[in-house]
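So you can see what is in the structure, the chains are spelled out below.
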Amino acid sequence: MSRHAVAGPGDPAGSLRQLCRSACSELGMSGATIVVVGGNTAEVRYATDPVGAHLAQLQVIVGEGPVADTMRSGCAVLLAELDDLSLQSRWPLFLPLAAETVASALFTLVLPAGTSRIGVLALHRTVPGPMVAGTFATARRFASSASRLLLAEQRPYLTEDQGTTKPGFRLANPEIHQATGIIAAQLDVRMDEAFLRLRSRAFTDHRRLAGLAGDVVAHRVRFDHRAASP
């Protein structure tokens, strides 16, 4: 990895931006996106381009795709061709939506934090094909560097999650978490179920998750048992 991959330690946001741009340059990618997870919610922290941000946002909303699989398993997902028909049964909601973008290949790597996972580095290309031989190890180093930057930025806010060692990551958009709590109270359900309801509503209404969350927090949108079913 280039020694110019990150900026100075006093500028974590700028460092993350520079790291993603360096990853694209050194790995031959069209875009790089950082997705972080906190509690039951997830958000796009940084993307070098709108395509990467859109792909990640789609996966957060539908709850499936390479980003979701990598976050659950901790294993990288390397898709040389996004339009591979054999993957349709694995991600029936995500792949048709991804096909509407210019992305042709997608690679996702976990952002590690000890034995925990705080997010995913997603890399995409507009031309199909596998990673060039020997670049996977470099991609993993970029992911590890991104984790260190995020943890340094978030260290004052990290908490122990109900007595475990899982980091309680502080998201940049707190409205998603706030909206999840409001929906949980309105429907008398668990937080994970409430986030599922929020995602389902965003998918059905063709809305960005953050925008819908803002309306819930502002009491412009209310969930009830009749309207909240997926």
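Residues numbered from 1 in each chain as written. Predicted model: local features only at pLDDT ≥ 70, side-chain atom pairs only at ≥ 80, totals over all residues. Heavy atoms only, no water.

Undergrad: Which parts of the structure should I look at to understand the pattern of salt bridges?
TA: Side chains bearing opposite charge may pair, as long as their charged atoms lie close to each other. Within the structure shown, the criterion is met by seven salt bridges. Here Arg72 and Asp69 are joined by a salt bridge, their closest N and O atoms 2.9 Å apart. In this pair, Arg72 and Asp69 both sit in helix H3 (residues 66-73), three residues apart, roughly one turn of the helix. Note on Arg72: relative accessible area 53%, which makes it exposed. Between Arg207 and Asp215 there is a salt bridge, and its shortest N-O distance comes to 2.9 Å. (Salt bridge = Lys/Arg side-chain N within 4 Å of Asp/Glu carboxyl O. Helix = DSSP H or I, 4+ residues; strand = E, 2+ residues; numbered from the N terminus. Buried < 20%, exposed > 50% of the residue type's maximum accessible area, 1.4 Å probe, protein only.)

Undergrad: In this structure, what is going on with the packing of helix H7 (residues 191-204) against helix H8 (residues 209-217)? I would like to understand it.
TA: To describe two helices that pack against each other, one gives the angle between their axes and the distance between the axes. Between H7 and H8, whose axes approach to 9 Å, the crossing angle comes to 115°. Comparing their axes, H8 and H7 come out roughly perpendicular. Note that H7 runs across H8; the crossing there is right-handed. Residue-level inspection shows Phe195, Leu198, Arg199, Arg201 and Ala202 of H7 in contact with H8, the latter providing Leu209, Leu212, Ala213 and Val216. Among the residues making up the contact of H7 with H8, the classes are represented as seven nonpolar, no polar and two charged. (Axes fitted to C-alpha atoms, helices over the stretch in contact; angles between N-to-C directions. Parallel < 35°, antiparallel > 145°, perpendicular 65-115°, else oblique. Left-handed = near helix turned anticlockwise from the far one by under 90°. Contact = heavy atoms within 4.5 Å. Nonpolar A, V, L, I, M, F, W, Y, C, P; charged D, E, K, R; others polar.)

Undergrad: Would you take a moment to explain the packing of helix H2 (residues 50-62) against H7 for this structure?
TA: Following both chains from N to C, one finds H2 and H7 inclined at 125°, their axes separated by 7 Å at the closest point. Classified by the interaxial angle, the pair formed by H2 and H7 is oblique. Across the interface between the two elements, Val60, Ile61 and Val62 from H2 touch Phe195, Arg199, Ala202 and Phe203 from H7.

Undergrad: Before we go on, may I ask you to explain the state of the cysteines in this structure?
TA: A covalent bond between the sulfur atoms of two cysteines is what we call a disulfide. Taken as a whole, this structure holds zero disulfides when the rule is applied. The cysteine Cys20 is free of any disulfide, with Cys24 supplying the nearest cysteine sulfur at 7.1 Å. Overall, the relative accessible area of 0% leaves Cys20 in the buried class. (Disulfide = S-S within 2.5 Å.)

Undergrad: I tried to follow the environment of Ile182 on my own but got confused; where do I start?
TA: Along the chain, Ile182 turns up in helix H6 (residues 174-187). For Ile182 and Arg222, which are 40 residues apart along the polypeptide, the C-alpha to C-alpha distance reads 8.9 Å. Apart from residues lying up to four places away in sequence, Ile182 is in contact with Val216 and Val217.

Undergrad: Before we go on, may I ask you to explain the packing of aromatic side chains in this structure?
TA: The description of two aromatic rings rests on the distance between their centres and on the angle between their planes. In this structure the tally under the stated criterion is zero aromatic pairs. The ring of Phe223 has Arg201 lying over it, and the distance from NZ or CZ to the ring centre is 5.0 Å. (Phe/Tyr/Trp six-rings, centres within 6.5 Å; stacked < 30°, edge-to-face > 60°. Lys NZ or Arg CZ within 6 Å of the ring centre and 35° of its normal.)

Undergrad: What should I look at first to understand the environment of Pro130 in this one?
TA: Topologically, Pro130 is positioned in the loop between strand S5 (116-125) and helix H5 (136-154). Exposure remark for Pro130: the relative accessible area of 60% places this residue in the exposed category. Taking the C-alpha atoms as reference points, Pro130 and Phe107, 23 residues apart in sequence, are found 9.0 Å from one another. Beyond its immediate sequence surroundings of up to four residues, Pro130 is in contact with Ala80, Phe107 and Arg125.

Undergrad: Explanation requested: the sheet that holds strand S3 (residues 77-79) in the structure shown.
TA: Backbone-to-backbone hydrogen bonds join strands into a sheet, with any given pair of strands oriented parallel or antiparallel. Taken together, five strands build an open sheet; the order of strands is S2-S1-S5-S4-S3 and the sheet is antiparallel. Edge strands, defined here as strands with exactly one partner in the open sheet, are strand S2 (41-47) and S3. Within this sheet the neighbouring strands show an average axis-to-axis angle of 20°, counted without direction. Against the sheet, H2 engages strand S1 (31-38), S2, strand S4 (105-113) and S5, with an angle of about 175° to S2. (Pairing = 2+ DSSP bridges.)

Undergrad: What should I look at first to understand the nonpolar core in this one?
TA: Nonpolar side chains in soluble globular proteins tend to end up buried together. Residues Leu82, Phe94, Leu198 and Leu209 are the most contacted members of the largest nonpolar core, which totals 38 residues. For this core, the element with the highest residue contribution is H2, accounting for six residues. With near-sequence residues (within four places) excluded, Phe94 lies in contact with Leu55, Leu58, Gln59, Val62, Glu64, Gly65, Pro66, Leu82 and Leu106. Counting 27 residues, the second-largest nonpolar core is a separate cluster that includes Ile34, Ile118, Met131 and Leu149. (Core = buried A, V, L, I, M, F, W, Y, C linked by side-chain atoms within 4.5 Å.)

Undergrad: Sorry, what's going on with the side chain of Gln57 here?
TA: Along the chain, Gln57 turns up in helix H2. Every residue in contact with Gln57, bar those within four places of it in the chain, is listed here: Val44, Arg208, Leu209 and Ala210.

Structural measurements only, silent on function.
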